[in-house]
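Observations on chain architecture
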Amino acid sequence: MPYYEIVIPFDPNISIGPLTLAWHALFSALGIVLGYWIARVYAPKAGVKVEDVDTIAVWCILGGIIGARVVYVIDNWNLFSGNPLKVFEVWSGGMAVWGGILGGISGGVISTFMARLPLPAMADLGGMGLILGQGVGRIGDLINGEHHALATDLPWAFLYTHPNTLATRDATGSTFPEHPATTYEMLFDFIIMGIMMYLMRRWGGTGRVFWVYMGLYSLGRFLVSFLRVDPFMGPLQLAQWLGIIGMILTVAVLVPSFRKKGLAGR
C-alpha cells in the first residue's frame with residue numbers, strides 16, 4: 001500500500017535548560033509580537049498615530065491571553081480537574097482562538113474608551129493584529145497536533161509520529177492520519193489577512209475592515225470545525241455557535257453601513 005501521509009515527526013515541546021516550552025506557546029508569543037507590529041504599520045491608514053496603538057496594545061494582549069486560556073480550560077476541563085494549578089501553566093500550551101479573540105476585543109474596547117480614541121479605527125487595527133497573530137499561532141498547532149481532527153485517507157493527511165505528540169490516538173495508543181484542520185485554518189487566516197491589507201487602503205479607519213475580518217473568520221472557523229474533534233453543545237461545537245453569532249453581527253453592522261453610504265451619495 002502506497003504511503004501518502006505527510007509525516008510530522010517533531011516533539012511538541014522545546015527544552016531550554018530547565019524550562020520546557022510548547023511550540024504552540026512559542027508561536028503564540030511570536031504571533032502576539034507580529035500582531036502588535038502590523039497594527040503599528042497600518043496605523044496611518046486607519047488615521048491614527050502609532051502611539052495610539054501603543055496605548056491600548058498591552059490591554060488587548062493581556063485580555064487575549066486571559067480569554068484564550070479561560071475558554072480552553074472550560075472546553076478541556078477534564079485535563080485540569082485533577083490538578084487545577086495546571087490552569088496557570090500557559091507556557092505548556094493550551095489556548096482557544098475564540099477566547100483570544102473575545103478577550104482581545106474586550107481589552108481593546110475598554111482601553112480605547114478609557115483613552116478616548118476612535119473605536120472604528122482601533123477596531124480595524126485590532127482586526128489586523130488578531131488575524132496575523134492567529135495565523136502565526138497556528139504554526140505551533142501544525143507541529144504539536146494539539147487540536148484533534150477526524151481521520152482521513154487524503155494524501156495531505158497529517159500523521160504525527162513522535163512519542164510525545166498530542167495528536168489523536170486510537171484504542172491501541174497509535175496515532176493515525178487525520179485532517180490538518182488547524183493548518184486549513186492557518187491558510188484561510190493568511191488569505192483573510194491579504195484581503196484586509198487590500199481593504200485597509202479603502203476602508204481603513206471606518207471599522208468595516210474589522211467586521212470583514214469577523215465575518216470571514218467566523219465563516220471559515222464554522223466550516224473547519226466540522227473536521228475537528230471538539231466537545232459539542234447541542235448539535236454544534238462552541239466554536240461554531242460563536243461563528244454563527246460572529247456572522248450575524250457582521251451582517252447586522254456591515255449592511256446598514258453600506259446602505260447609509262448609498263443614501264449619503266444621493
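In this report, we go over the structure that sits alongside the text. (Residues numbered from 1 in each chain as written. Predicted model: local features only at pLDDT ≥ 70, side-chain atom pairs only at ≥ 80, totals over all residues. Heavy atoms only, no water.)

1. Focus on the overall build of the chain
Counting its regular elements, the chain contains seven helices and six strands. For the chain, the N- to C-terminal ordering of α and β elements is β-β-β-α-α-α-α-β-α-α-β-β-α. Computed over the C-alpha atoms, the radius of gyration of the chain is 19 Å, within 12% of the 18 Å expected from 2.2 N^0.38 for a compact globule of 266 residues. Its C-alpha atoms give the chain principal-axis dimensions of roughly 65 × 40 × 35 Å. A total of 266 residues make up the chain; the buried ones form 46% of that total. (Helix = DSSP H or I, 4+ residues; strand = E, 2+ residues; numbered from the N terminus. Rg over C-alpha atoms; globule rule 2.2 N^0.38 Å. Buried < 20%, exposed > 50% of the residue type's maximum accessible area, 1.4 Å probe, protein only.)

2. Topic: the layout of surface pockets
The computed volume of the largest pocket comes to approximately 960 Å³. As for the largest pocket, its lining consists of 44 residues, and the residues nearest its centre are Ile32, Cys60, Gly64, Gly100 and Leu130. Secondary-structure elements contributing two or more residues to the lining of the largest pocket are α1 (23–41), α2 (50–75), α3 (97–115) and α4 (119–144). The element best represented in the lining of the largest pocket is α4, accounting for 13 residues. Taken together, the residues of the lining of the largest pocket break down into 26 nonpolar, 16 polar and two charged. What the second largest pocket holds in volume is close to 690 Å³. Lining the second largest pocket we find 34 residues, and of these Tyr72, Asn76, Leu79, Gly94 and Glu146 sit closest to its centre. Looking at the lining of the second largest pocket, the elements with two or more residues in it are α2, α3, α4 and α7 (238–264). No other element matches the four residues that α2 contributes to the lining of the second largest pocket. (1 Å grid on protein atoms, 1.4 Å probe; cavity = no way out; pocket = protein on both sides within 12 Å on 5 of 7 lines; lining within 4 Å. Points joined across faces, edges and corners; volume = space filled by probe spheres on them. Nonpolar A, V, L, I, M, F, W, Y, C, P; charged D, E, K, R; others polar.)

3. Points about the pairing of strand β2 (residues 13–16)
As paired strands, β2 and strand β3 (residues 19–22) are joined by four bridges and run antiparallel to one another. Across the sheet, residue Ser15 finds its bridge partner in β3, namely Thr20. In textbook terms, the turn of a hairpin is the stretch between consecutive antiparallel strands, and for β2 and β3 this stretch comprises two residues, one of which, Gly17, has a positive phi near 65°. (Pairing = 2+ DSSP bridges.)

4. Quick word on the packing of α1 against α4
Following both chains from N to C, one finds α1 and α4 inclined at 160°, their axes separated by 7 Å at the closest point. Relative to α4, the element α1 is oriented roughly antiparallel. The interaxial crossing formed by α1 with α4 has right-handed handedness. Residues Trp23, His24, Phe27, Ser28, Leu30, Gly31, Leu34, Gly35, Ile38 and Ala39 of α1 lie in contact with α4, whose contacting residues are Leu125, Met128, Gly129, Leu132, Gly133, Val136, Gly137, Ile139, Gly140, Asp141, Ile143 and Asn144. (Axes fitted to C-alpha atoms, helices over the stretch in contact; angles between N-to-C directions. Parallel < 35°, antiparallel > 145°, perpendicular 65-115°, else oblique. Left-handed = near helix turned anticlockwise from the far one by under 90°. Contact = heavy atoms within 4.5 Å.)

5. A closer look at the pattern of salt bridges
All chains considered together, the criterion is met by five salt bridges. Between Glu185 and Arg138 there is a salt bridge whose closest N-O contact spans 3.1 Å. Of this pair, Glu185 sits in helix α5 (residues 181–203) while Arg138 sits in helix α4; the two residues are 47 residues apart in sequence, bridging distant segments of the chain. Look at the salt bridges and you will find they share partners, linking Arg138, Asp141, Glu185 and Arg221 into a network. (Salt bridge = Lys/Arg side-chain N within 4 Å of Asp/Glu carboxyl O.)

6. A few points about the nonpolar core
Counting residues in each nonpolar core, the largest one holds 41 residues, and the members touching the most others are Leu125, Tyr213 and Tyr217. Broken down by element, this core gets its largest block of residues, nine residues, from α4. Aside from chain neighbours lying at most four places away, what touches Tyr217 is Val97, Trp98, Ile101, Ile131, Gln134, Glu185, Phe188, Asp189 and Ile192. Membership of the second largest hydrophobic core comes to six residues, among which are Val73, Phe80, Val87 and Ala96. (Core = buried A, V, L, I, M, F, W, Y, C linked by side-chain atoms within 4.5 Å.)

Take it as geometry only, folks, not as evidence of what the structure does.
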